[in-house]
Amino acid sequence: MKIHAAVTRAKASPLSLETLDLDDPRDGEILVRVVATGVCHTDIAMRDQTYPVPQPIVLGHEGAGIVEKVGRGVTKVAPGDHVVMSYNSCGHCDCCHEHAPNYCHDFFGRNFAGCRSDGSSALSQDGKLIHGNFFGQSSFANFAICHETNIVKVSKDAPLELLGPLACGIQTGAGAVINSLKVRPGTSFAVFGAGSVGLSAVMAARAVGATTIIAVDVVDDRLTMAKELGATHTINPKGGATVETIMKITGAGVNFALDTSAIPAVIRQAMESLAPRGTCGILGASSLDTELTFNAMHIMTAGRKLQGIVEGDSTPEVFIPQLIDLFLQGRFPYDKLVKFYPFSDINHAIEDAETGKAIKPIIRMG
Ligand SMILES: [Zn+2]
Ligand SMILES: [Zn+2]
């Protein structure tokens, strides 16, 4: 079938809107009519070749839509179902078996290789291969092929066009707090970076009952938003003394810290802000040669921990419906982060994500 897609053809260049051919779904695959898709910073990083994803490629990995057709063997969803497409996994490695598909041994292959595991792509143009299968979906298009392993059926009571970002950015921030760090009622939490991931973490920290919630960001508007969403304190590091200010607020440091910036100096501050037995989570995409330094005694003598986190340790089938329930009950108002754009304005949406004008852009396919 013919589809409309935004194709990334060159490093750090605007996406081009083109007509492509999309194959029928194979065994275990699902054809989804994309209603809307979020823009995540990973899309931008892949456009700019932070990791060597092959081009030309259709990016997009926060797709929400309606099942159009299912391939042979698919039992999880049926045509007409409302769905969200999340990250993909192999379904049969040790981590997948242990319900940790976010650490799938083939995570890179299933999400970033730009093709199916046999090297083929469902996308082409005039017989020439276009890379696809980005995060098992390539949802910067009005139709996408995904897999039984990364599709999540969602309630028809929820506003479908708002749900895509739950598949990556929002799930990452909220999951880091709820699933990874397991922030508890009455504890203290600090997030470094108040973009869509950091603000999702703030909302989740409030939802689970943290009583001291500190947001750190250089943009004052984001700190205002963080306060609106549940932060009890905000710090603009431009004033200096971030760690000292956190110590003043908490006495002994925070029980939980989360870095969303992926900047080594900021991660060090997050570690230095920890109370004894505190844990710091890191989840941002650094370049492949980034190294971190810490004071060994500061970690060892007080049982502090550093924890790597991918996709908020979320099993999407379980966690996305939970976030939808919290949203519908008004306890996770992530719609406040969203700005909608028509598909024709996708480059504008990406630019607004880069400059910070939009916290979480969503593209409506129309
Ligand atoms: Zn796996
Ligand atoms: Zn993402």
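Residues numbered from 1 in each chain as written. Chains lettered and ligands numbered in written order. Predicted model: local features only at pLDDT ≥ 70, side-chain atom pairs only at ≥ 80, totals over all residues. Heavy atoms only, no water.

Asker: Tell me what's going on with the coordination of the zinc ion (ligand 1), and back it up with residues and numbers.
Answerer: Surrounding the zinc ion (ligand 1) are the protein donor atoms C90 (SG), C93 (SG), C96 (SG) and C104 (SG), which sit 2.3 to 2.4 Å from the metal. The sequence motif formed by the donor residues of the zinc ion (ligand 1) is C-x2-C-x2-C-x7-C. On the criterion of sequence distance, the pair formed by C93 in the loop between β6 (82–85) and α2 (94–97) and C104 in the loop between α2 and α3 (107–112) is long-range, its members being eleven residues apart. On the accessibility criterion, C104 (4% relative accessible area) is buried. (Donors = N, O, S within 2.8 Å, 3.2 Å for Na, K, Ca; no water. Helix = DSSP H or I, 4+ residues; strand = E, 2+ residues; numbered from the N terminus. Buried < 20%, exposed > 50% of the residue type's maximum accessible area, 1.4 Å probe, protein only.)

Asker: Quick rundown of the sheet that holds strand β7 (residues 123–125)? Include the residues and the values.
Answerer: Strand order in the open sheet formed by five strands is β4-β1-β2-β7-β8, with antiparallel pairing between adjacent strands. This sheet does not close on itself; its edge strands, each paired only once, are β4 (57–58) and β8 (128–130). Where strand β1 (residues 2–8) and β4 come together, two bridges link them in antiparallel fashion. Following the sheet pairing, T8 is matched in β4 by I57. (Pairing = 2+ DSSP bridges.)

Asker: Explain the side chain of S89 residue by residue, including any values.
Answerer: Relative to the assigned elements, S89 resides in the loop between β6 and α2. Since its relative accessible area comes to 6%, S89 is described here as buried. Not counting the four nearest positions on each side in its chain, S89 is found in contact with C96, P101, C104, R110 and T149. (Contact = heavy atoms within 4.5 Å.)

Asker: Pulling in residues and values, what's your account of the packing of aromatic side chains?
Answerer: Overall, the coordinates contain ten aromatic pairs when judged by the stated rule. Ring centres of F134 and F135 lie 5.0 Å apart, and the angle between their planes is 75°; this geometry places the pair in the edge-to-face category. Judged on exposure class, the residue F134 and its partner F135 are both buried. Through successive ring pairs, a cluster of aromatic residues spans Y51, Y87, F107, F108, F112, F134 and F135. Its guanidinium or amino end placed over the ring of F340, R364 lies 4.0 Å from that ring's centre, counting from NZ or CZ. (Phe/Tyr/Trp six-rings, centres within 6.5 Å; stacked < 30°, edge-to-face > 60°. Lys NZ or Arg CZ within 6 Å of the ring centre and 35° of its normal.)

Asker: How would you sum up the environment of C115? Please name residues and give values.
Answerer: Structurally, C115 is set in the loop between α3 and β7. Apart from residues lying up to four places away in sequence, C115 is in contact with G109, S120, G132 and N133.

Asker: Talk me through the sheet that holds strand β16 (residues 305–308); I want residue IDs and the actual numbers.
Answerer: Spatially, β13-β12-β11-β14-β15-β16 is the arrangement adopted by the six strands of the open sheet, whose pairing is parallel. Edge strands, defined here as strands with exactly one partner in the open sheet, are β13 (233–235) and β16. Mean inter-strand twist for the sheet, computed between neighbouring axes without regard to direction, equals 20°. In the packing of helix α5 (residues 196–208) onto the sheet, contacts are made with β11 (188–192), β12 (212–216) and β14 (254–259), and the angle to β11 comes to roughly 170°. Here helix α8 (residues 264–272) sits on the sheet and contacts β11, β14, β15 (274–282) and β16; the angle it forms with β15, its principal contact strand, is near 150°. (Axes fitted to C-alpha atoms, helices over the stretch in contact; angles between N-to-C directions.)

Asker: Pulling in residues and values, what's your account of the side chain of Q171?
Answerer: Checked against the element boundaries, Q171 lands in helix α4 (residues 169–180). At 3.3 Å, the side chain of Q171 and the side chain of S86 are in polar contact. The contact partners of Q171, leaving out residues within four places of it in the chain, are S86, Y87, P165, L166, A176, E311, G312, S314, P316, F319, I320 and L323. (Polar contact = N/O pair within 3.5 Å; in protein donor to acceptor, adjacent residues only side chain to side chain.)

Asker: Which residues make up the packing of α4 against helix α10 (residues 316–328), and what are the values?
Answerer: Direction vectors running N to C along α4 and α10 enclose 100°, while the axes themselves pass 11 Å from each other. Considering the angle they form, α4 stands roughly perpendicular to α10. Contacts between α4 and α10 pair Q171, A174, G175, I178 and N179 from the former with P316, F319, I320 and L323 from the latter. For the contact of α4 with α10, a count of residues per class yields six nonpolar, three polar and no charged. (Parallel < 35°, antiparallel > 145°, perpendicular 65-115°, else oblique. Nonpolar A, V, L, I, M, F, W, Y, C, P; charged D, E, K, R; others polar.)

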